[in-house]
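# Breakdown of the fold
This is what each chain is made of:
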Amino acid sequence: SSAASDVYKRQQLDEDGDPPGYDDLEAFRAEPFSIEHPQGWEVDDAEIAQDTAMFYPPGHDQQLWVAGWSEPMDAGSSRAYLVETEGGTVDDPSTSGFEALEVEEVDDDDFPEDWDIAFMEAEFTNDTWPTPERHYWIYAVAVEHQGEQMMYNVSVNVPREQEDFYDDLHEDVIETFTPHL
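Summary of the structure given here. The shown structure was predicted, so the numbers you read here are calculated from the model rather than taken from an experiment.

Each value, and the rule that gives it
- Residues numbered from 1 in each chain as written.
- Predicted model: local features only at pLDDT ≥ 70, side-chain atom pairs only at ≥ 80, totals over all residues.
- Heavy atoms only, no water.
- Helix = DSSP H or I, 4+ residues; strand = E, 2+ residues; numbered from the N terminus.
- Buried < 20%, exposed > 50% of the residue type's maximum accessible area, 1.4 Å probe, protein only.
- Polar contact = N/O pair within 3.5 Å; in protein donor to acceptor, adjacent residues only side chain to side chain.
- Contact = heavy atoms within 4.5 Å.
- Phe/Tyr/Trp six-rings, centres within 6.5 Å; stacked < 30°, edge-to-face > 60°.
- Lys NZ or Arg CZ within 6 Å of the ring centre and 35° of its normal.
- Salt bridge = Lys/Arg side-chain N within 4 Å of Asp/Glu carboxyl O.
- Pairing = 2+ DSSP bridges.

Here the focus is the environment of Asp114. Summarising the element assignment, Asp114 is placed in the loop between β6 (95-105) and β7 (116-126). Sequence spacing of Asp114 and Glu144 is 30 residues, and the spatial spacing of their C-alpha atoms is 7.7 Å.

This paragraph deals with the side chain of Gln63. Mapped onto the elements, Gln63 comes out in strand β5 (residues 63-71). On the basis of relative accessible area, Gln63 is assigned to the buried category, the value being 9%. Looking at Gln63, its side chain comes within polar contact range of the side chain of Tyr56, at 3.0 Å. Setting aside its immediate chain neighbours within four residues, Gln63 contacts Trp41, Met54, Phe55, Tyr56, Trp129, Ser155, Val156 and Asn157.

Right, let's get into the packing of aromatic side chains. Inspection of every chain in the model, using the stated rule, returns 14 aromatic pairs. Pairing Tyr22 with Tyr166 gives two aromatic rings, centres 5.5 Å apart and planes at 20 degrees, and the pair type is stacked. With Tyr22 in the loop between α1 (2-11) and β1 (25-29) and Tyr166 in the loop between β9 (148-159) and α3 (169-174), this pair connects stretches of sequence that are 144 residues apart. By the burial criterion, Tyr22 is buried, and Tyr166 matches it. Both rings, one in Phe119 and one in Tyr139, keep their centres 5.0 Å apart while their planes meet at 45 degrees; by these two values the pair is tilted. Of the two residues, Phe119 is situated in strand β7 and Tyr139 in strand β8 (residues 133-145); the sequence distance between them amounts to 20 residues. Given a relative accessible area of 5%, Phe119 falls into the buried group. The class of Tyr139 is buried, set by a relative accessible area of 6%. Through successive ring pairs, a cluster of aromatic residues spans Phe28, Phe33, Phe55, Phe111, Trp115, Tyr152 and Phe177. Over the ring of Trp129 we find Arg134; its NZ or CZ atom is 3.9 Å from the centre of that ring.

So, about the pattern of salt bridges. For side chains bearing opposite charge, pairing can occur when the charged atoms are close. Under the criterion given, the structure shown has two salt bridges. With a shortest N-O distance of 2.8 Å, Arg134 and Asp61 are connected by a salt bridge. Here Arg134 is found in strand β8, whereas its partner Asp61 is found in the loop between β4 (52-56) and β5, with 73 residues between them in sequence. The pair Arg134 / Asp61 is uniform in exposure class, with both members buried. Across the pair Glu123 and Arg160 runs a salt bridge whose closest N-O atoms are separated by 3.7 Å. Of this pair, Glu123 sits in strand β7 while Arg160 is found in the loop between β9 and α3, placing the two residues 37 residues apart along the sequence. The exposure class assigned to Glu123 is buried, which follows from its relative accessible area of 17%.

With that settled, the discussion passes to the pairing of strand β2 (residues 33-38). Counting buried residues along β2, five of its six residues qualify, which places the element largely inside the surrounding structure. As paired strands, β1 and β2 are joined by five bridges and run antiparallel to one another. Opposite Ala27, over in β2, you have Glu36 as the bridge partner. Between β1 and β2, which follow one another and run antiparallel, lie three residues. Direction of pairing for β2 relative to strand β10 (residues 178-179): antiparallel, over a ladder of two bridges. Along β10, the bridge assignment pairs Phe33 with Pro179.

Here we take up the sheet that holds β2. A sheet is described by the order of its strands in space; here three strands give the open sequence β1-β2-β10, paired in antiparallel fashion. The open sheet has two edge strands, β1 and β10, and neither has a second partner.

Listed below in structure tokens is the structure:
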């Protein structure tokens, strides 16, 4: 099966041997939030009523994912959420070998003062992907709204071997994320 997987991977690369690029971003706007995603990536907003959207290039081996939900105000910090849920992957039986490489609170003037935002970089294996060895960047954003805490996850998930190529994408997209509260 590795020969088939090698053919598959070659089909996803451009003439320079690079995976799908993200030099140009385009806006996605929906009732729950807006965010920019790599131009030409497919938009899957079938679950937008549940505050969720996914973006994929051809081949579906890279993903930008945004999800939101409400929690009680005492649900805890964004950083605690990322640690306790292994970046939101803990309930996925297909995920194994999760290793957090970095976890930090984000204290950045680029974001509103009332956002509780944390960041995690991790690696794991998930055999539901064309390339099971994954590299993952995720932001958890908590925003108080009408007596509840709205929690958002914004993540970029790529083949581990493409980590260096996609290393800036997570920063590019989180800077464009706007919840519509």
